[in-house]
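Structural overview for review
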Amino acid sequence: MTDTAATTAQKLEELHRRLEKAQDPGSEKAKAKRDEAGLTTPRQRIDELLDEGTFIEIGALGRTPGDPDAPYGDGVVTGYGQINGRTVAVYAHDKTVYGGSVGETFGKKVAEIMDMAQRIGCPMIGINDSGGARIQDAVTSLAMYSEIARRQLPLSGQSPQISILLGPSAGGAVYAPVTTDFLVAVDKRTQMFVTGPAVIESVTGEKVSHEELGGAHAQARNGNISHVAPTEEEAFNYVKDLMDFLPMSLYDETPKFWAPSDELTERDEELDSVIPDDPNAGYDMKEVLSRLFDDEDLLEIQDEYGQNIYTGFARVDGQAVGVVANQPMVLAGCLDADAADKASRFIRICNSYNIPLVFVVDTPGYLPGVEQEKVGLIHRGAKLGFAMVEATVPKVTVVVRKAFGGAYAVMGSKNLGADVNLAWPTSQIAVMGAEAAVVMMQGKQLAAMPEEQRPMAKKMFMDFYNANMTSPYVAAERGYLDAVVEPSETRVRLRQALRQLRNKKMLHVEKKHTIMPM
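Residues numbered from 1 in each chain as written. Predicted model: local features only at pLDDT ≥ 70, side-chain atom pairs only at ≥ 80, totals over all residues. Heavy atoms only, no water.

Filter applied, for reference: UniProt positions are given in the numbering used here, feature names are shortened, and annotations may be inferred rather than shown by experiment.
As annotated in an unreviewed UniProt entry, the protein carries the name Acyl-CoA carboxylase subunit beta and comes from Corynebacterium suicordis DSM 45110. You can read under Sequence similarities (unreviewed entry) in the UniProt record for the protein the words "Belongs to the AccD/PCCB family."

The structure is reproduced here in structure tokens:
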């Protein structure tokens, strides 16, 4: 304890001594292990993420109450800073102090900046590298986990919450990150699971490695991770890029960037030939998306999960938009349960932060199959339509090829609330494609014909069906499309549509909340 009779100079010296000790408070053994592994310190990680010189730390001298030998920080560094000039709250686990586990002071420090993020309306970013609950703190550690979790709810949908996982996370240490809006992992570094391999083997007898069970790519394929970066540095860069598409809070606009003119370019004209003549031929939807927006600066979310649908951010007229697009290269662009979960969650994120949505459609329908029924395609697929109707932000749809069955409805149809619906001349819109329709409507007649006549009769029916049932002009005549446009005009038409919708307002019915499908 500092002598009360000490001089001001001595008191300042004591402050400097404590702050210096708090800079890297872990044990020498723990720090040597970290340095030998080539790992960065929590403050180095924060400095890498934030604009240079902007970090303001709070709680540096916090530590376990009643223990004079307790290290400062209590296993976490907390404070505020800026990314591209905009304020964020941030914390980073310190693995050299109690293994980065959650204790009383740890919990209070994180709760304090979460409360502040809610009050001032700024994003909350956590850099996670935690040992989980602090066993020696007994129920106090669990209470602090709960205090942190409780604060995620008022922040959710108000200000973006982003987690970066730089090490193993187990048990309670995974629930907070997966409750945030975005979770960024690092290949060969991130591991996350509720129970580890040793516990699983002791209970069920199953043997599995840490990487197989909870490695970054494994959990990305499970739908728990937004992006897997190859290195720590690239994980931070991804978060910086992500921040450029997000507002500080739902009360703020997204950053405004330079936008090209409305004059058609060579990129625009390439869209006129991007769709194959064969309606069943595959193509990469990203070839369309890279030409459809202001530039090629798209940021994909959950690229390893539900790969038959694309979700990510782009810009129209310099402003952020959320993009939901079918991917014909995977399952022919059919919607399955994973794709529906992925798209519906992304739609709700965009709606929460007032980010307009652009649907780019090429899907033959929901994926049929016994396995899909087993995994709950009915209720998981219904979520997508539910999220579509629930979203009140501007919604613009472009049908580039197929829009069949229930997938037509949930992929931005006017009937489920899209504001502006465009289609290319290459589009087909109907209950089902001609191949399926000929079986359903003419199967018995074809079977009764001589075999040599069947191909010609089948072709005649399919040609008639495509001309009179799937043609975009049929949908346009009935008012389900606002326009059939040349592909090369689409970028400009998107800008015009979103300018028109800029002041869109929808009244909310007074009630607690909606009830999502199971």
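Still to come is the rest of the account.
1. Some points on unusual backbone geometry
Heads up, the rule is: Note on conventions: DSSP H or I runs of at least 4 residues are helices, E runs of at least 2 residues are strands, and numbering of each starts at the N terminus. Three labels apply to residues, based on accessible area from a 1.4 Å probe with only protein chains included: buried if under 20% of the type maximum, exposed if over 50%, partly exposed otherwise in between.
Of note, Asn-84 is a non-glycine position whose phi angle comes to about 50°, a positive value. With respect to the secondary-structure elements, Asn-84 resides in the loop between β2 (76-83) and β3 (86-93). Look at Asn-84 and you get partly exposed, because its relative accessible area is 48%. Unlike most non-glycine residues, Lys-188 shows phi in positive territory, near 70°. Looking at where Lys-188 falls in the secondary structure, it is placed in the loop between β7 (182-186) and β8 (191-193). Its relative accessible area of 64% is what places Lys-188 among the exposed residues.

2. Quick look at the side chain of Asn-421
The cut-off we apply is this: What makes two residues a contact is simply this: any of their non-hydrogen atoms within 4.5 Å.
Examined against the element boundaries, Asn-421 turns out to sit in strand β15 (residues 420-423). When sequence neighbours within four positions are dropped, the list of residues in contact with Asn-421 reads Thr-397, Gly-412, Ser-413, Lys-414, Tyr-480, Leu-481, Asp-482 and Ala-483.

3. Comments concerning the UniProt feature "domain: CoA carboxyltransferase N-terminal" (unreviewed entry) in the protein
The sites that carry the UniProt feature "domain: CoA carboxyltransferase N-terminal" (unreviewed entry) are, in the present numbering, residues 8-259. Taken as a whole, residues 8-259 contains 42% helix and 17% strand, while its terminal C-alpha atoms sit 57 Å from one another.

4. Things to note about a negative patch on the surface
Filter applied, for reference: Residues form patches when they are more than 30% accessible in relative terms and have no salt bridge. Like charges link within 9 Å. Nonpolar side chains (Val, Leu, Ile, Met, Phe, Trp, Tyr) link within 5 Å. Per-residue accessibility takes into account occlusion by the displayed protein chains alone, with areas from the Shrake-Rupley method and a 1.4 Å probe. When a carboxyl oxygen of Asp or Glu is within 4 Å of a side-chain nitrogen of Lys or Arg, the pair counts as a salt bridge. When charges are counted, Lys and Arg are positive and Asp and Glu negative, with His and the chain ends excluded. To locate a charge, take NZ of a lysine, CZ of an arginine, CG of an aspartate or CD of a glutamate.
Residues Asp-47, Glu-48, Glu-52, Glu-233 and Glu-234 make up a contiguous surface patch of negative charge. Broken down by secondary-structure element, the contributors of at least two residues to the negative patch are α3 (42-49) and α10 (232-243). Structurally, Glu-234 is set in helix α10. The partly exposed category is assigned to Glu-234, whose relative accessible area is 39%.

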